Amino acid sequence: MFAKGPSINTRFLVAVLLSIALLVIDQSSARLANMRAMLSILLYPILYAVNLPSEFFNEINGSVSAYVDLKAEVGKLKEQQFVSDTRLLKFEALEKENIRLRSLLESSYNIGEELMVAEILSVNLSPIDHVVLVNKGSRFGLHIKQPVLDTQGVIGQVIRTLPLNSEIMLITDPNHAIPVQVNRNGLRTIAVGSGHLNRLVLPFLPNNADIKKGDLLITSGLGGTFPQGYPVAVVDDFQVQPNKQFAYISATPKAALDKIREVLIVWNDAKSISLSLPLSIPPTLDGEVLAPVTPVAPVNDQNLKPVEQNSPQAFDQLPKAAMQQGVGNINKVLTTPTTGSEQMGDEGE
Amino acid sequence: MSDQNSSDLFFYLFSVIVAMGLNVLPLSPALQFWNPDWVLLVLIFWLLALPYKWGIFSSWLVGLLMDVLTGRLLGQQALIFAIVSYICLKFYKRVRYFPILQQALFIFCCLVLSHTLAFGINNIHNPAHFGWEFLLPVISGTLIWPFAGMVLRSINLNQPVG
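All of the points below concern the structure found in this document. (Residues numbered from 1 in each chain as written. Chains lettered and ligands numbered in written order. Predicted model: local features only at pLDDT ≥ 70, side-chain atom pairs only at ≥ 80, totals over all residues. Heavy atoms only, no water.)

Our next topic: the side chain of Asp26 of chain A. Mapped onto the fold, Asp26 of chain A is located in helix α1 (residues 8–28). Within polar-contact distance, the side chain of Asp26 of chain A engages the side chain of Arg36 of chain A at 2.9 Å. The contacts of Asp26 of chain A, once residues within four sequence positions are left out, are Leu32 and Arg36 of chain A together with Arg72, Leu73 and Leu74 of chain B. (Helix = DSSP H or I, 4+ residues; strand = E, 2+ residues; numbered from the N terminus. Polar contact = N/O pair within 3.5 Å; in protein donor to acceptor, adjacent residues only side chain to side chain. Contact = heavy atoms within 4.5 Å.)

What follows is the structure, given as structure tokens:
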């Protein structure tokens with residue numbers, strides 16, 4: 001029956017040895033990344049086909065909405081935009097004040113974050129791990145360990161990039177941990193994923209820690225992966241465990257991780273700038289405050305206009321110009337033709 | 001004969017691709033733990049139906065593709081599929097003529113082996129979580145098998161064996 005070729009035992013042995021070799025190499029080095037990338041292109045049609053029904057459904061849903069609904073939605077969005085714009089106006093001033101204060105302390109300040117909108121493919125890789133696929137890959141310059149956000153808060157980080165798509169680990173994955181701090185008092189700790197999409201746990205705080213229900217947790221920026229100051233979760237449970245070393249604290253992620261469809265991928269590779277120079281800056285509020293600093297600041301993109309170009313006469317149109325040219329925390333929103341641009345609102349209190 | 005060969009290849013590839021799609025189908029959180037390992041079921045079906053045609057290496061290759069598709073360590077699913085294929089090829093003569101229930105029991109054992117190994121290899125990689133949920137697809141897979149078994153029976157009647 002198996003007249004041709006080696007016996008079934010030999011074949012089995014070869015297959016097992018090959019897989020073990022692959023496992024060991026893939027575990028210890030990145031040498032198989034190319035092979036994985038090529039195979040992933042081959043398999044992309046499957047992901048595309050699986051994703052198609054839900055995309056089709058969304059498309060239909062979008063194009064057959066009633067006129068009244070659309071009108072109501074536009075009205076709501078306009079209102080939201082107005083509120084966000086006004087808030088950004090103040091954010092502007094606050095950021096500059098923050099830079100000045102930091103310069104007094106001679107500490108550094110990070111500027112220069114770029115964003116790209118990506119869409120989550122509705123495929124389910126594994127029921128246990130909280131890993132999702134997005135439709136942007138290394139073709140768009142994505143790289144590993146990039147933070148991923150949504151307008152509500154932090155979602156996760158890129159753990160693997162393939163040419164056409166990349167894998168993102170959500171903050172609620174049991175293998176994920178994110179350095180956070182309590183917004184109220186700056187208490188730093190680590191939030192670990194629980195395996196449930198609506199829950200993070202904070203396992204490393206003692207029973208007398210100054211934290212309570214309703215506290216907002218923001219990224220502390222300590223791990224180096226996530227930029228500082230983005231909202232992560234809200235504490236929803238605090239239980240003292242008298243017989244144990246640490247309290248039981250859990251938090252609900254700000255982003256609705258089970259509902260998101262679009263995410264923002266952040267380029268956070270801007271170097272921090274030293275602020276020991278601008279002590280001499282006059283405390284004015286116009287766009288030139290940053291001028292002495294900009295030569296030092298490594299601007300990471302050609303299109304990113306240096307802040308000094310904000311001339312005083314352009315000040316009256318500052319909110320719009322600031323959002324487009326980017327003086328604020330988010331400097332630039334890269335969009336693709338298919339997906340509309342999104343703006344990050346300031347999510348603080 | 002070559003016509004037969006190419007149509008066999010077409011059906012094999014088509015069923016494996018459809019099974020891959022079913023494996024990554026987005027389901028509600030309650031249902032997703034019950035999604036059986038369609039690819040393994042299809043592989044077992046073909047190994048029992050045409051054991052002289054599809055062997056360990058074709059299963060190994062499909063496993064490798066599954067590793068890429070679901071973002072696991074390369075070689076993990078390939079190893080598991082190779083092991084299950086070996087068992088199927090060792091026992092296919094008996095399993096083919098088992099009553100359906102007994103066949104389902106055999107499939108149950110294969111699936112338990114596969115999912116336990118997958119869980120084990122995953123946990124060498126990142127020892128973080130333990131729950132019995134990983135065995136739920138075994139139950140759904142076993143419940144689905146009788147249908148495949150009936151199809152298998154009808155095919156075997158028409159085809160010369162070995």
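Take empty space enclosed by the protein next. All names here are of chain A. Across all of its chains, the model carries five cavities of 30 Å³ or more by this definition. Computed from the structure, the second largest cavity encloses a volume of approximately 70 Å³. The greatest single-element share of the lining of the second largest cavity, amounting to four residues, is contributed by helix α2 (residues 33–63). Considering only residue class, the lining of the second largest cavity consists of seven nonpolar, two polar and one charged. Two domains each donate at least three residues to the lining of the second largest cavity, and these are domain 1 (8–63) and domain 2 (114–269). (1 Å grid on protein atoms, 1.4 Å probe; cavity = no way out; pocket = protein on both sides within 12 Å on 5 of 7 lines; lining within 4 Å. Points joined across faces, edges and corners; volume = space filled by probe spheres on them. Nonpolar A, V, L, I, M, F, W, Y, C, P; charged D, E, K, R; others polar. Domains from an automatic or database assignment.)

Another aspect to go through is the environment of Val240 of chain A. All names here are of chain A. Examined against the element boundaries, Val240 turns out to sit in the loop between β11 (231–239) and β12 (248–253). Exposure remark for Val240: the relative accessible area of 49% places this residue in the partly exposed category. For the pair Val240 and Pro206, spaced 34 residues apart in sequence, the C-alpha separation works out to 8.6 Å. (Buried < 20%, exposed > 50% of the residue type's maximum accessible area, 1.4 Å probe, protein only.)

Residues and elements named next belong to chain B. As for its position among the elements, Val84 is in helix α5 (residues 76–96). Residue classification places Val84 among the buried positions, given a relative accessible area of 2%. For the pair Val84 and Ser59, spaced 25 residues apart in sequence, the C-alpha separation works out to 9.0 Å. Not counting the four nearest positions on each side in its chain, Val84 is found in contact with Leu40, Ile44, Cys110, Leu113 and Ser114.

The next point concerns the nonpolar core. The biggest cluster of nonpolar side chains holds 67 residues, and the ones touching the most others in it are Met20, Ile44 and Trp145 of chain B. A per-element tally of this core places α5 of chain B first, with twelve residues. In this structure, this core is formed jointly by two domains, domain 1 (8–63) and domain 2 (114–269) of chain A, each of which donates at least three residues. Residue contacts for Ile44 of chain B: discarding those within four places in its chain leaves Val84, Cys88, Ile107, Cys110 and Trp145 of chain B. (Core = buried A, V, L, I, M, F, W, Y, C linked by side-chain atoms within 4.5 Å.)

Moving on, we come to the sheet that holds β12 of chain A. All names here are of chain A. Spatially, β7-β8-β9-β12-β11-β10 is the arrangement adopted by the six strands of the closed barrel, whose pairing is antiparallel. Inspection of the sheet shows strand β7 (residues 177–182) paired to strand β8 (residues 188–193) by five bridges, in the antiparallel sense. Bridging from a neighbouring strand, Val180 pairs with Thr189 of β8. (Pairing = 2+ DSSP bridges.)

Okay, the packing of aromatic side chains next. Two numbers describe a pair of aromatic rings. These are the distance of the centres and the angle of the planes. Taken as a whole, this structure holds eight aromatic pairs over all chains when the rule is applied. A centroid spacing of 5.6 Å and a plane angle of 80 degrees characterise the contact between Phe45 of chain B and Trp46 of chain B, whose relative ring orientation is edge-to-face. For the pair Phe45 of chain B and Trp46 of chain B, one class covers both residues: buried. An aromatic cluster of at least three residues, connected via ring pairs, comprises Tyr12, Phe45, Trp46 and Trp54 of chain B. The ring centre of Phe140 of chain A lies 5.1 Å from the NZ or CZ of Lys136 of chain A, which sits over that ring. Here Lys53 of chain B stacks its cationic end above the ring of Trp54 of chain B, 5.7 Å away from the centre of that ring. (Phe/Tyr/Trp six-rings, centres within 6.5 Å; stacked < 30°, edge-to-face > 60°. Lys NZ or Arg CZ within 6 Å of the ring centre and 35° of its normal.)

This part covers helix α3 (residues 67–104) of chain A. Its 38 residues place the ends of α3 of chain A 55 Å apart at the C-alpha level, agreeing with the 56 Å of an ideal helix rising 1.5 Å per residue. The set of residues buried in α3 of chain A consists of Leu88, Phe91, Glu92, Glu95, Lys96, Ile99 and Ser103 of chain A. (Expected span 1.5 Å × (residues − 1).)

The interface of chain B with chain A comprises 41 residues on the first partner and 35 residues on the second. Between chain B and chain A lies a buried interface of about 3,600 Å² when both sides are counted; carbon and sulfur atoms form 74% of it. Remark: the boundary between chain B and chain A carries zero salt bridges. For the interface between chain B and chain A, the tally reads nine residue pairs in polar contact (both at pLDDT 80 or more). Listed by contribution, the elements that provide at least two residues to the side of chain B that touches chain A are α1 (2–23), α4 (56–70), α5 and α6 (100–125) of chain B. Broken down by element, the side of chain B that touches chain A gets its largest block of residues, ten residues, from α5 of chain B. When grouped by side-chain class, the residues that make up the side of chain B that touches chain A number 27 nonpolar, ten polar and four charged. (Buried area = accessible area lost by both parts, 1.4 Å probe. Salt bridge = Lys/Arg side-chain N within 4 Å of Asp/Glu carboxyl O.)

On to the pairing of strand β6 (residues 166–170) of chain A. All names here are of chain A. Most of β6 is tucked away: five of the five residues are buried. The two faces of β6 match: Ser166, Ile168 and Leu170 on one face and Glu167 and Met169 on the other face are all buried. Across four bridges, the pairing between strand β3 (residues 131–134) and β6 is antiparallel. Looking at β6, one finds that Leu133 is bridged to Glu167. Looking at chain direction, strand β5 (residues 154–161) and β6 are connected through five bridges and run antiparallel. Bridge pairing in β6 links Arg160 to Glu167.

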